[in-house]
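In case you want the letters, here they are:
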Amino acid sequence: MPPAAPAISSLGIVVPRTAHFDAPLTLKSGAILPAYDLIYETYGTLNAGKSNAILVCHALSGNHHVAGLHTAADKNPGWWDNLIGPGKPIDTERFFVIGVNNLGGCHGSTGPASIDPATGQAYGSNFPLVTVEDWVDSQARLADMLGISSFAAIIGGSLGGMQVLQWSIAYPERVRHCLAIASAPKLTAQNIAFNDVARQAILSDPDFHGGNYYAHNTYPRRGLRLARMLGHITYLSDDVMGSKFGRILRAGAFNYGYDVEFEIESYLRYQGDKFADSFDANTYLLMTKALDYFDPTQHHPELNLSAALQPAVADFLVISFTTDWRFAPERSREIVQALLDNERNVSYAEIASKHGHDAFLMPDPHYHALIRAYMERVII
Amino acid sequence: MRHDFQTIADWIEPNAKVLDLGCGDGDLLKHLHDRRQTRGYGVELDDRHVLACVKNGVNVIQRDLEAGLAEFAAATFDYVVLSQTLQAVHHTEAILREMLRVGREGIVTFPNFGYWKNRWQVLQGTMPVSADIPYQWYDTPNVHLCTMHDFEALCAKLHIGIRERIVMTAGKRIHFLQNLTGSLAVYRFGHAA
């Protein structure tokens, strides 16, 4: 393959910043993080009234680098650069957009690979499990620090959509519009099952060392690679895999062995390798657990999402994609139904796409037109 | 603005909660909100219409009406509107029942197939094409065209009580021989007493 050309982003070079927090954060598990860092990026300008702020919540493998480039030589811009920037559906000429790496992450916010000041060693297995609720609480502290009392909108896809829901429940007065995309109010058994297979791949890797592989100078690369390969299958649709790879053979004929033969094998291995080189296995474990744990109905004896969403007063745009079977349209409709039960302003669109769960990251014209139209009506 | 919108707006009480099935661009809901301060939602299947609703600032739920209204709880709307969509619905009885499950009253408008110009075209040996039925037989979305008599007979069968009926031709109200001289019928109905 020829070397990829440097990417272009209308935002140009962006520089992440780190916020340090000294006030202890009590986590849902009961554990306490005495101090922590959150790395974040911003795009656009916060207006004088601080009323044009948008928070973008990332999904399982995402981070704070939502848009723009870190260096002119970057091969890829931030993960939602097609949606966010000057003149884009989320227009940074009008809005001040914040991307933040969640606690437990591996891109600059405090996480398992960070040094625990108490021991001088990496946290490793000592890093507490953080939940969607904890992320939202920590994001609220970042908003406090930036002087943002209320977000014009909070936006997220997949696990990011769960954070959007949690914001609307935990801080209803601090968010005016919620965009929950390709998301779900809680995972199904099938979804948890996929996550557990991914975790088992990591946990059973001999290089894992109970999560303290940093001290052993090893890395559970094989486990993380397998976890990502499995995940990747579930993010694509059968259709798109079929049309992209089919049964195409790399060498054109069977080799009667276990090396790469089918194109799909080559693709998955490449994706697994790429991910294993850039992500921390403990973070992957933690993020999948946060996904599994999230359930806003947990504290409602009637186990009813409508009751759980009762505090939410924001207007909602809920979007799903027809071929997404990991976060299927039915799951988005559960969110819609709960909002309808509470007589909230909500619009729901089901986008025809062949791209499965990954569709939320793709620049589909109708999908982007909807977000643009919705955002143009957001009053700042 | 479409001729039936004015009639519908006249009927709907201020601050009512309205569900508009097959809401198109959301123009009716916007009009009702502006004139009657109503709240509510539109239901629409077509992508372009869903986008137009969002542009109009109208709450829209993308859904196929033929699959029912499962997201909407019973007795949660004052009015459920089906304007110029009834004739394109396959499950006609089911949608009328659903309207009165989720709403107190239903409002339906449809092109009256009994209108004399339609009958005349049939007599001449062609399918009717008119301002209210603007399709050729081979490209029409309409599957269940009916006359006013037909609709009222179905209402009787489903124990639906008609509360009010307005008939129009070219935007003007018609009072005599309505099933013959009216091109557009507008009904307000509820559960039969």
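Coordinates for the structure precede this section.
In this report, we go over the structure that sits alongside the text. Just so it is clear, the model here is predicted, and its values are computed rather than measured. (Residues numbered from 1 in each chain as written. Chains lettered and ligands numbered in written order. Predicted model: local features only at pLDDT ≥ 70, side-chain atom pairs only at ≥ 80, totals over all residues. Heavy atoms only, no water.)

## A closer look at helix α9 (residues 329-341) of chain A
Applied cut-off: Note on conventions: DSSP H or I runs of at least 4 residues are helices, E runs of at least 2 residues are strands, and numbering of each starts at the N terminus. Multiplying 1.5 Å by the helix residue count minus one yields the expected span of that helix. Using a 1.4 Å probe on the protein chains alone, a residue whose accessible area is under 20% of its type maximum counts as buried, one over 50% counts as exposed, and one in between counts as partly exposed. Should any heavy atoms of two residues lie within 4.5 Å, those residues are counted as being in contact.
In this model, α9 of chain A (13 residues) spans 18 Å end to end at C-alpha, consistent with the 18 Å of a helix rising 1.5 Å per residue. Those residues of α9 of chain A that fall on the buried side of the exposure criterion are Pro329, Arg331, Ser332, Ile335, Val336, Ala338, Leu339 and Leu340 of chain A. On its buried face, α9 of chain A sits against α2 (159-170), α8 (305-308), β13 (315-321) and β14 (346-351) of chain A together with β2 (39-44) and β3 (60-62) of chain B. Just beyond α9 of chain A, the residue with positive phi is Glu343 of chain A, at close to 55°.

## Some thoughts on the layout of surface pockets
Put simply, the rule reads: Definitions used for this entry: grid spacing 1 Å over protein atoms alone; cavity, a set of points where a 1.4 Å probe fits but cannot get out; pocket, an open set with protein on both sides within 12 Å along at least 5 of 7 lines; lining residue, one with an atom within 4 Å of a point. Grid points are joined across faces, edges and corners, and a volume is the space filled by probe spheres set on the points. In the scheme used here, Gly and all other residues not listed as nonpolar or charged are polar, with Ala, Val, Leu, Ile, Met, Phe, Trp, Tyr, Cys and Pro taken as nonpolar and Asp, Glu, Lys and Arg as charged.
Volume-wise, the largest pocket comes out at about 1600 Å³. Around the largest pocket sit 42 residues that line it, and Asn76, Trp79, Arg228, Gln271 and Lys274 of chain A are the ones nearest its centre. Contributing elements (two or more residues each) for the lining of the largest pocket: α4 (221-235), α5 (238-244) and α6 (263-278) of chain A. When residues in the lining of the largest pocket are grouped by element, the largest group, six residues, is from α6 of chain A. Looking at the lining of the largest pocket residue by residue, the class counts come to 19 nonpolar, 15 polar and eight charged. What the second largest pocket holds in volume is close to 820 Å³. Considering the residues around the second largest pocket, the lining is formed by 30 residues, among which Gly22, Glu44, His49, Gln84 and Thr85 of chain B are closest to the centre. Elements represented by at least two residues in the lining of the second largest pocket include exactly α2 (27-36) and β2 of chain B.

## Re the packing of helix α1 (residues 3-11) of chain B against α2 of chain B
Residues and elements named next belong to chain B. This is how it is decided: Note on geometry: axes are C-alpha line fits, over the in-contact stretch for helices, and angles between N-to-C directions span 0 to 180 degrees. For classification, angles of less than 35 degrees are called roughly parallel, those exceeding 145 degrees roughly antiparallel, those between 65 and 115 degrees roughly perpendicular, and all remaining angles oblique. Two helices that cross are described as forming a left-handed crossing if the nearer one is turned anticlockwise from the farther one by less than a right angle, and a right-handed crossing if clockwise.
Two numbers describe how α1 lies on α2: the axes approach to 10 Å, and their chain directions differ by 40°. In terms of their interaxial angle, α1 and α2 are classed as oblique. Regarding α1 and α2, the two cross each other, and that crossing is right-handed. Judged by residue contacts, Phe5, Gln6, Ile8, Ala9 and Asp10 of α1 engage Asp27, Leu28, His31, Leu32, Arg35 and Arg36 from α2. Classifying every residue of the contact of α1 with α2 by side-chain character gives five nonpolar, two polar and four charged.

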